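# Structure at a glance
Read off the chains here:
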Amino acid sequence: MRKLTLLFTIFAVSITYAQTIQDSITFDPQKQINAAQRLLSGNYGKAVTVGAYGELTYNQPESQNGELDVQRLVLLFGYKFNDKTQFVTELELEHVEEVFVEQAFVNYAVGSNVSLRGGLMLVPMGIVNEFHEPTTFNGVERPAVDNVIIPTTWREIGVGVTGRFNDLSLGYQAYVFNGFKSTTSDGAGGLSGFLKGSNGLRGGRQKAIKSTVDSPTLSLKLDYYGLPGLRLGLAGYTGKTQAEDDIEELEGANVGVSMVGLDARYAYQRFTARGQFIYASLSDTEAYNTATGKDLGSALQGWYLEGAYNLLPQGKQQRLFAFLRYEQYDTHADTAGSLTRNDAYNRTDITTGLSYHIAPGVVLKGDYQFRDNALSGDNVDDRLNFGIGVWF
């Protein structure tokens, strides 16, 4: 009760303070695009397009030293070969020391509303995995559901088709990807595993780094945008994890993954809201845990609801959102065999703060997170966060 009282006090004070500052960017989810869509849109009217986004963050847990970090800097490049064929790539530098290719794909427009794609692409699941530029979401850190349950940024190599049925106000994506990597040889005739209880599938992302594949996975998403200000998403992903050639037939080498996601975004005047629910069912986890010594759950589940209100008048160049997000996520939503459920993996985060868009493409963020898990006692540090985000 004490935490809840403090939460609403901070939220109320934030609103009072923010009304003294001044306001415009479009946050209509039906018009919102991500970096790859911007490069493909042709708005620049040039063969070569260049952009970037980045985040600098400060995290201060209540009982530890704070951390300052250039969390990521992503360089965006696009090339238009002709009216039908384009190439998009994103090069990411994380924490000033790691370099990744986040996307690299060719887009071929078969028709005005149908495109074929191939290369390294984002898996369409949830909101933030596709829309993770820092000016597109509230909070210094991405929602934990989009980190632990959906392993954002989740991308793999594949081919597929994307487009829309305008008469039905329906967008679609369908891809075949390589899957998560689950196991490798431990050098002694046994298996070493990449998947575990604390963060589920996250450790199995291959990220196009000499990816292995022994069976393809299927990813689908439908987006409905037929009602003003509302966008609804339904996503599915199914397949088996991947193992190295010489161990793929060993018991426990592979895990079956079936994931479904529902998401919604809404905007009306100065109010915006979003939410999502993700559930993943994993098969053969008992054999996997026995072979690798890991504690992977047989079900992962997470959801969140968020509301935000622009405290500045409409029609201005700036916006200031006060927001509140409640999320619950559990990587041991179910366990198989003799594995005991770990309540430390059943977590709740409540985040409230401000997102001040001082110009289109520049945001200053501050928030406070009340964090807890199902273990008895107050055993998780709450956290104060500040950040600067840019996207152009």
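In case you missed it, the structure is sitting above this.
The following refers to the structure shown. Everything quoted here is computed from the prediction, not taken from an experiment.

### Topic: the pairing of strand S11 (residues 230–240)
- Relative to S11, strand S10 (residues 217–224) runs antiparallel, the two sharing 7 bridges. When the sheet's bridge partners are listed, Leu-222 is paired in S11 with Leu-234.
- In textbook terms, the turn of a hairpin is the stretch between consecutive antiparallel strands, and for S10 and S11 this stretch comprises 5 residues, one of which, Gly-229, has a positive phi near 80 degrees.
- In this structure, S11 lies alongside strand S13 (residues 256–268), joined through 11 bridges in antiparallel fashion.

### Re a nonpolar patch on the surface
- Residues Val-48, Val-50, Leu-73, Leu-75, Phe-77, Tyr-79, Phe-81, Leu-91, Leu-93, Val-99 and Val-101 make up a contiguous nonpolar surface patch of roughly 910 Å² in combined accessible area.
- Within the residue set of the nonpolar patch, elements represented by two or more residues are strand S1 (48–61), strand S2 (67–80), strand S3 (85–94) and strand S4 (98–111).
- A per-element tally of the nonpolar patch places S2 first, with 4 residues.
- With respect to the helices and strands, Leu-75 occurs in strand S2.

### Some words on the packing of aromatic side chains
- Under the criterion given, the structure shown has 9 aromatic pairs.
- Between Trp-154 and Phe-180, the aromatic rings sit 5.1 Å apart at their centres with planes inclined by 25 degrees, giving stacked as the arrangement. Pair noted here: Trp-154 is in the loop between helix H3 (145–149) and strand S6 (155–165) and Phe-180 is in the loop between strand S7 (170–177) and strand S8 (181–185), with a separation of 26 residues, a long-range link. With respect to class, Trp-154 is no different from Phe-180; both count as buried.
- Each residue in the set Trp-154, Phe-180 and Tyr-237 is aromatic and connected to the rest through ring pairs, giving one cluster.
- Just above the ring of Phe-131 sits the side chain of Arg-265; from NZ or CZ to the centre is 4.6 Å.
- Across the ring face of Phe-137, the terminal group of Lys-365 is positioned such that the distance to the ring centre comes to 3.8 Å.

### Some thoughts on unusual backbone geometry
- Going from Thr-152 to Thr-153, the amide bond is cis rather than trans, its omega being 0 degrees.
- Assignment of secondary structure puts Thr-153 in the loop between H3 and S6.
- Not every positive phi belongs to a glycine, and Lys-207 is a case in point at roughly 55 degrees.
- You can see Lys-207 is positioned in the loop between strand S9 (191–193) and S10.

### Overview of the nonpolar core
- Grouped together as the largest cluster of nonpolar side chains are 39 residues, with contacts concentrated most on Met-125, Trp-154, Leu-201, Tyr-237 and Met-259.
- Here this core takes 4 residues from helix H2 (residues 35–40), the largest share from any one element.
- Apart from residues no more than four positions distant in its own chain, Leu-201 is found in contact with Phe-180, Leu-195, Val-257, Met-259, Leu-282 and Leu-300.
- Counting residues in hydrophobic clusters, the runner-up holds 6 residues, among them Leu-311, Leu-312, Leu-320 and Tyr-356.

### A few points about the sheet that holds strand S12 (residues 242–243)
- On the basis of which strands lie adjacent, the open sheet formed by 3 strands has the order S9-S8-S12 and mixed pairing. The sheet terminates laterally at S9 and S12, the two strands that pair on one side only.
- Two strands pair when backbone bridges link them, and S8 and S9 are joined in this way by 3 bridges, in the antiparallel orientation. Paired with Thr-183 across the bridge in S9 is Gly-193.
- On the sheet, helix H4 (residues 285–292) packs against S8 and S9 and is oriented at approximately 110 degrees with respect to S9.

Criteria and cut-off values
- Residues numbered from 1 in each chain as written.
- Predicted model: local features only at pLDDT ≥ 70, side-chain atom pairs only at ≥ 80, totals over all residues.
- Heavy atoms only, no water.
- Pairing = 2+ DSSP bridges.
- Helix = DSSP H or I, 4+ residues; strand = E, 2+ residues; numbered from the N terminus.
- Patch = residues over 30% accessible without salt bridge, like charges linked within 9 Å, V, L, I, M, F, W, Y side chains within 5 Å.
- Areas by Shrake-Rupley, 256 points an atom, 1.4 Å probe, with all protein chains shown as cover.
- Salt bridge = Lys/Arg side-chain N within 4 Å of Asp/Glu carboxyl O.
- Phe/Tyr/Trp six-rings, centres within 6.5 Å; stacked < 30°, edge-to-face > 60°.
- Buried < 20%, exposed > 50% of the residue type's maximum accessible area, 1.4 Å probe, protein only.
- Lys NZ or Arg CZ within 6 Å of the ring centre and 35° of its normal.
- Core = buried A, V, L, I, M, F, W, Y, C linked by side-chain atoms within 4.5 Å.
- Contact = heavy atoms within 4.5 Å.
- Axes fitted to C-alpha atoms, helices over the stretch in contact; angles between N-to-C directions.

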